Structures are given as structure tokens and as C-alpha cells.
Amino acid sequence: MKYKIAEIETKIKNSLISLGFEIDSVTINPSNRPDLGDYQFNGIMPLAKKNNQNPIEIATKLVELIKEYPEIKDASVAGPGFINLRFNDSFLIDFLNDSLEDITINYNLGINKTIFLDYGGPNVAKILHVGHLRSANIGEALKRLCNSVGCKTISDVHLGDWGRPMGMVILEIKNRYPDLAYFKEDYNGEPVDFNITNADLLELYPIATTKAKEDENIMEMARKINLDLQNKHPGYYALWKHIVEVSSTEVKSIYKDLNTSFDLWEGESDNCEYMDDTLKFLKDKNIIIESEGAQVINVSEPTDTLEIPPLILVKKNGAVSYEATDIAAIWERTNKYDIDEMWYMTDKRQELHFKQVFRAATKSELVKPELKFVFNGFGTMNGPDGKPFKTRDGGVMPLKDLLDMVTEECEKRLMDSISENRQEIAKTVAVAAIKYADLLPFRTTDYNFDIDKFTDLNGKTGTYLLYSTIRMRSLLKKAQENNLLFNKMEVLKQESIRKIIIAMLDLKRIIKRSFENCSLNEICEYLYKITNLYNNFYAEHRVLTEENKEIQASWLALTKAIYDNNSYLLNILGINIPEKM
Ligand code: ARG
């Protein structure tokens with residue numbers, strides 16, 4: 001099955017060729033003057049200019065040909081050479097029925113690349129905050145979008161589980177619990193009864209890092225422990241594993257609430273297993289240079305307008321850098337998998353880091369030249385005041401608290417009649433509210449957290465979309481209970497329905513642009529638009545009591561098509577639809 005709009009575009013292209021023009025491709029767009037046409041073609045003016053001809057004359061000739069297409073009811077020339085197109089009802093009906101039969105016609109672009117996605121990026125023993133929320137939301141949605149357009153994906157959480165802070169945390173634990181078996185000289189790997197919780201770790205982490213920063217001796221001890229850890233000192237290594245386990249369990253449960261999952265649960269520590277190989281490879285390539293005691297790779301390019309500093313691989317003190325970790329990760333990934341593109345979803349403030357890493361990997365031929373690196377940086381979620389999001393006492397807002405806060409708000413807005421699973425439903429609604437608000441602005445745009453706005457049942461919100469979609473579902477359920485048909489549209493009588501199907505025709509292009517821009521904002525806008533259009537229709541028609549059975553079946557088919565697409569799109573956004581709300 002084909003994409004209907006693309007078929008018309010091809011026909012217009014062929015008509016233009018038959019009129020003697022050379023043209024590679026034609027695009028038509030939804031009309032911004034619906035009173036004049038459903039879609040419009042704006043390509044005549046540039047074509048006329050290129051061929052030094054009168055645009056109106058070309059447009060007039062083309063319109064005569066277009067009028068003959070079976071899809072077209074009418075075509076006309078407007079202004080300096082715009083062409084307005086009006087579709088036949090049967091064309092719209094066929095499109096709706098095709099998409100009822102196979103929903104993927106609106107999504108599958110036939111792109112079959114393998115895309116590796118690096119998102120999440122939580123840090124062991126450290127609080128999961130709102131920055132990690134955006135990485136999870138955007139990364140997960142992009143993964144689902146990649147899958148729906150036809151790509152294979154490999155996702156990795158890229159756990160921050162390695163480096164000096166681990167030494168600091170172990171040192172702090174050692175101070176507090178010096179008698180733990182992990183710290184015995186003769187520790188030989190036996191299980192240790194040590195009930196440290198995630199809350200303990202979160203409390204301990206800032207204390208441990210502050211102490212080290214304030215006292216050079218403590219820092220030195222932490223460094224030493226970290227070095228021993230990296231050399232797999234049995235006690236430290238076992239304790240570290242224990243900490244990673246406690247942290248990961250908590251993080252996994254939050255990701256589960258956020259419908260976020262990963263194929264790989266790799267950490268920086270896993271990547272660092274390949275550090276020696278990676279460094280050796282880079283040395284053999286002769287691109288590492290010594291600079292002020294550090295080992296660096298020059299990654300600047302003559303065309304840079306802003307200077308890109310050298311990438312520091314190994315620091316003066318012998319420790320490998322965050323950059324080196326990412327390069328080792330690339331080494332590991334490209335050795336294990338056949339990857340076409342590697343996407344990273346982090347705060348846009350990490351852009352320079354990734355630019356350096358990508359350049360170093362490409363320049364050193366660590367990756368095949370066709371491998372495409374994509375940095376999908378995102379803006380910050382700020383507090384309602386537009387300043388970085390903080391708790392009332394000025395601390396970093398833990399993700400869990402944010403989720404709980406929004407869940408509580410959503411619970412208040414649930415129907416009173418819901419008693420079973422009330423808490424769970426509230427959580428599902430809260431996740432929808434958070435995700436939709438998070439994915440609605442263009443990826444790089446900052447936005448302000450506003451709990452009332454995000455959970456408003458009548459706004460451009462996840463809650464509004466859920467509510468409307470659930471209502472579609474219950475209408476279909478009632479229709480089913482009454483043995484009414486809804487698998488096919490037969491007639492298209494109302495203007496409001498034409499508008500809905502015309503909006504639906506644009507979906508595939510929106511999917512394509514979202515994939516190209518690696519941003520979900522257009523999908524969010526589309527969902528809101530189509531849902532509104534449908535709700536207007538719903539308010540005006542009594543579907544279940546309609547007496548004309550042909551019309552009723554068509555209305556139900558429309559409802560089913562919108563419901564299916566809404567569910568599909570909400571799923572791409574990582575949003576689940578509760579039973580009721
Ligand atoms: N753990 C990092 C942080 O919290 C994010 C990791 C991003 N991914 C990467 N491959 N470096 O800032």
C-alpha cells in the first residue's frame with residue numbers, strides 16, 4: 001500500500017514533465033486557505049522563474065491535467081500561480097479505509113538503518129534528576145519513532161558507574177562502617193551482609209564529594225581507592241558492585257514507571273574494559289599528542305569558526321577522561337554491532353564534549369567513515385519561575401519526588417467513581433502529563449514546569465489527550481456491545497469529517513519530519529490538532545443513536561481510525577492509556 005499524497009505528487013511531477021519541464025520532485029502541502037482547497041502546490045513560481053516563463057500560464061495548463069486525476073474533484077489557480085487542490089470524497093474514504101486496514105501506512109517510511117541510541121545516563125549513587133527525565137523521555141520516544149519508520153534500534157542506558165566519585169563514595173562508606181568485611185585485608189569475595197539503601201547512597205554522595213573537594217588529603221585517599229577499584233581490588237570491587245546493584249534497582253523502577261527500557265544495561269565501567277584496546281588503537285594511529293603532561297587528540301578543523309579545544313584522553317594524573325570513556329564505548333559498540341547511526345540524547349550543554357568525541361572517533365578511523373554520529377541535545381526544564389528547577393529548600397529536584405507530586409495532582413482530577421487502582425491510574429495519567437509537556441516544545445527549547453498547566457484536562461496536555469482517547473474507546477466499546485459495524489467508511493457527508501481526514505493525510509509527512517529533526521514536537525501538536533477536530537465532530541453528532549446505518553458505520557469507522565492513530569502516536573511518545581480516568 002502506498003502513501004496517497006506521494007502518489008498525487010508523482011502524478012503532478014509527471015504532468016509537469018509532459019508539459020516539457022525538468023523537475024526532480026514535487027511536494028504538496030495542506031492548504032492554509034481551506035476555503036479554496038484541501039491542499040496546495042506552490043512549486044510553479046520557482047519553476048517559471050527557472051524556465052523564464054509566465055507562472056500563471058504554466059499553472060493554467062497544469063490545472064487542466066490535474067483535474068483529470070481520479071483523486072481530484074477540483075483544481076484552480078490562485079494569486080501569482082499557486083494551485084489549489086480539492087480531493088474527491090472517494091479518495092478520502094479510501095485513505096481512511098486503507099489506514100484502518102493497515103495502520104503502518106501512516107508510519108513506515110521504509111528506512112531500514114540500524115540506529116544505536118544512548119540515553120538515560122543515570123549516575124550510580126547519585127540522584128536521578130529532571131535532566132535525566134528529559135533524556136529518558138526523548139530517548140525512549142525517539143527509539144519508538146525509529147522503530148515505527150522501519151529502523152532497527154539498539155538502546156543503551158550508559159550508566160555512570162565509573163570514575164573518581166566512586167572512590168569518594170567507597171571512602172565515605174569506609175569511614176562510616178570500617179569493620180565491613182569488604183575492607184578486610186583477606187576479603188575473598190564472600191557475600192557481605194550490608195543493608196545500604198538507595199536513600200543512604202543519595203544522602204552519602206554529596207557529603208562524600210564535598211569532603212573530598214574541601215580536603216586534599218581526602219581527595220588523595222579517594223583517588224587511591226578509585227585506582228585500586230579500577231584494578232579490581234577484591235573488597236572495593238565487590239562493594240562497588242553492591243552499590244551499583246542498589247542504585248540500579250531504584251533507577252530501573254523509576255524507568256519502569258516512565259515506560260522507558262533499554263536493550264543494554266551497560267555502564268561506563270563496561271566500556272572501560274575496552275580502554276586499553278582503544279588507547280592502543282589510537283596510539284598506533286599516531287594521533288595522540290602530549291600536551292602539558294596530558295595525552296590529547298587535536299580535533300580542531302580549519303573551517304571552525306569557534307575554536308574546538310583538543311580532546312583530553314588521559315589526564316596529567318594518569319586518569320582517563322569522560323571523553324575517553326565515550327570513545328571506548330564507541331569502540332565496544334562498533335566492534336559488537338553493525339551500526340549505521342549513533343544517537344546521543346543529553347542536555348545540550350554537553351554538545352562540545354560530543355563534538356570532540358565524534359571528531360576524534362572519525363579522524364582516527366575508529367569507526368567506518370559512513371557511520372553517522374548524531375547529537376540530540378535538549379533544553380532545560382526550569383522551575384515555574386524560569387530559573388533552574390529546584391525543590392522548596394533549594395536542592396535538586398529528585399525525579400521520584402517530581403513524579404509523586406504530579407501523581408498526587410492527577411489523582412485529585414480523576415473521576416470520583418474510580419476506586420479500584422486509583423493510585424496506579426493517577427500515576428499513568430501523571431506520566432502522560434509529564435511526557436507530553438516534555439516532548440511538546442522543540443527538543444532544544446527550554447521550558448518551565450507548571451503543574452496546573454500540564455495536568456489541565458482542557459488544555460494542550462497529555463491528560464486532555466488521554467481523556468479524549470479513552471472516550472473514543474468507550475464509544476467503540478458501546479458500539480461493539482450493540483453489534484454496530486465500524487470497520488469501514490462508506491459515505492462522507494459532513495465538512496467536519498472531511499477536515500479530519502485531510503488532517504490525517506498529513507501524518508506521514510509529520511512522522512518523516514519528526515524523524516529527521518529527532519524531535520517529537522510536531523507529533524505532539526498533531527495529536528492535539530486531530531483530537532480537537534474529532535472532539536468538535538463528537539460534540540455535534542449523536543453517533544450511537546444515528547438512524548441512518550450507513551452514516552453511523554462511517555462515523556464509527558472514523559472514530560476507530562482516530563482512536564487507532566492516537567493510540568499509536570501516544571505509544572510512540574511512551575504514553576500508556578489507562579482503563580478510565
Ligand atoms: N551520566 C552522564 C550525566 O549524568 C550522562 C551520560 C551521557 N551519555 C554519554 N554517552 N556520555 O551527565
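Residues numbered from 1 in each chain as written. Predicted model: local features only at pLDDT ≥ 70, side-chain atom pairs only at ≥ 80, totals over all residues. Heavy atoms only, no water.

A word on the sheet that holds strand 3 (residues 72–78)
So, step 1. Read across the sheet, four strands follow the order 1-2-4-3 without closing on themselves; strand pairing throughout is antiparallel. Each edge of the open sheet is held by one strand with a lone partner, namely strand 1 (28–30) and strand 3. Sheet twist, expressed as the mean angle between neighbouring strand axes with direction ignored, is 30°.
So, step 2. Relative to strand 4 (residues 82–87), strand 2 (residues 39–41) runs antiparallel, the two sharing three bridges. Bridge pairing links Gln40 to Asn84 in strand 4.
So, step 3. Along the sheet, helix 18 (residues 495–505) contacts strand 2, strand 3 and strand 4; its crossing angle with strand 4, the most-contacted strand, is approximately 120°. (Pairing = 2+ DSSP bridges. Helix = DSSP H or I, 4+ residues; strand = E, 2+ residues; numbered from the N terminus. Axes fitted to C-alpha atoms, helices over the stretch in contact; angles between N-to-C directions. Contact = heavy atoms within 4.5 Å.)

Comments concerning the site of the ligand
So, step 1. Around the ligand, the surrounding shell consists of Asp118, Gly121, Asn123, His132, His158, Tyr322, Asp326, Tyr344, Thr346, Gln350 and Phe354.
So, step 2. One of the side-chain nitrogen or oxygen atoms of His132 is found 3.2 Å away from an oxygen atom of the ligand.
So, step 3. A distance of 3.4 Å is found between a nitrogen atom of the ligand and a side-chain nitrogen or oxygen belonging to His158.
So, step 4. Protein burial of the ligand: of its 350 Å² of free accessible surface, 86% is covered by the chains.
So, step 5. Here the shell around the ligand is built from residues that sort into three nonpolar, six polar and two charged. (Near = heavy atom within 4 Å. Polar contact = N/O pair within 3.5 Å; in protein donor to acceptor, adjacent residues only side chain to side chain. Areas by Shrake-Rupley, 256 points an atom, 1.4 Å probe, with all protein chains shown as cover. Nonpolar A, V, L, I, M, F, W, Y, C, P; charged D, E, K, R; others polar.)

Digging into unusual backbone geometry
So, step 1. A positive phi angle, close to 50°, is found at His158, a residue other than glycine.
So, step 2. At Asn421, a position not held by glycine, the phi torsion is positive, near 50°.
So, step 3. Summarising the element assignment, Asn421 is placed in the loop between helix 14 (399–413) and helix 15 (422–439).

Re helix 2 (residues 44–51)
So, step 1. Along helix 2, the residues classified as buried are Ile44, Leu47 and Ala48. Seen along its axis, helix 2 keeps its buried residues to an arc of 100°; they face one direction. Those residues of helix 2 that are exposed and aimed more than 90 degrees away from the buried face are Pro46, Lys49 and Lys50.
So, step 2. Against the buried residues of helix 2 lie helix 1 (4–18), strand 2, helix 3 (55–66) and strand 4.
So, step 3. Two residues or fewer after helix 2 comes Asn52, characterised by a positive phi angle close to 55°. (Buried < 20%, exposed > 50% of the residue type's maximum accessible area, 1.4 Å probe, protein only. Arc of directions from axis to C-beta.)

Overview of the side chain of Ser514
So, step 1. In this structure, Ser514 sits in helix 19 (residues 507–517).
So, step 2. At 2.7 Å, the side chain of Ser514 forms a polar contact with the backbone oxygen of Ile510.
So, step 3. Contacts of Ser514, omitting those with residues within four sequence positions, involve Leu145, Ser519, Glu522 and Ile523.

Focus: the packing of helix 9 (residues 234–257) against helix 14
So, step 1. Close contact between helix 9 and helix 14 brings their axes to 11 Å; oriented N to C, the two are set at 35°. Like other packed secondary-structure pairs, helix 9 and helix 14 cross with a definite hand, here left-handed. Where helix 9 abuts helix 14, its residues Glu250, Ile254 and Asp257 lie against Leu399, Lys400 and Leu403.
So, step 2. Class assignment for the residues of the contact of helix 9 with helix 14 results in three nonpolar, no polar and three charged. (Left-handed = near helix turned anticlockwise from the far one by under 90°.)

Thoughts on the pairing of strand 6 (residues 152–156)
So, step 1. The element strand 6 is largely enclosed, with a buried count of four among its five residues.
So, step 2. In this structure, strand 5 (residues 114–118) lies alongside strand 6, joined through five bridges in parallel fashion. Residue pairing across strands places Thr114 opposite Lys152, the latter belonging to strand 6.
So, step 3. Handedness of the crossover joining strand 5 and strand 6 through helix 5 (residues 130–149): right-handed. (Right-handed = clockwise from strand over helix to strand, strands pointing away.)

By themselves, these figures tell us nothing about what the structure is for.
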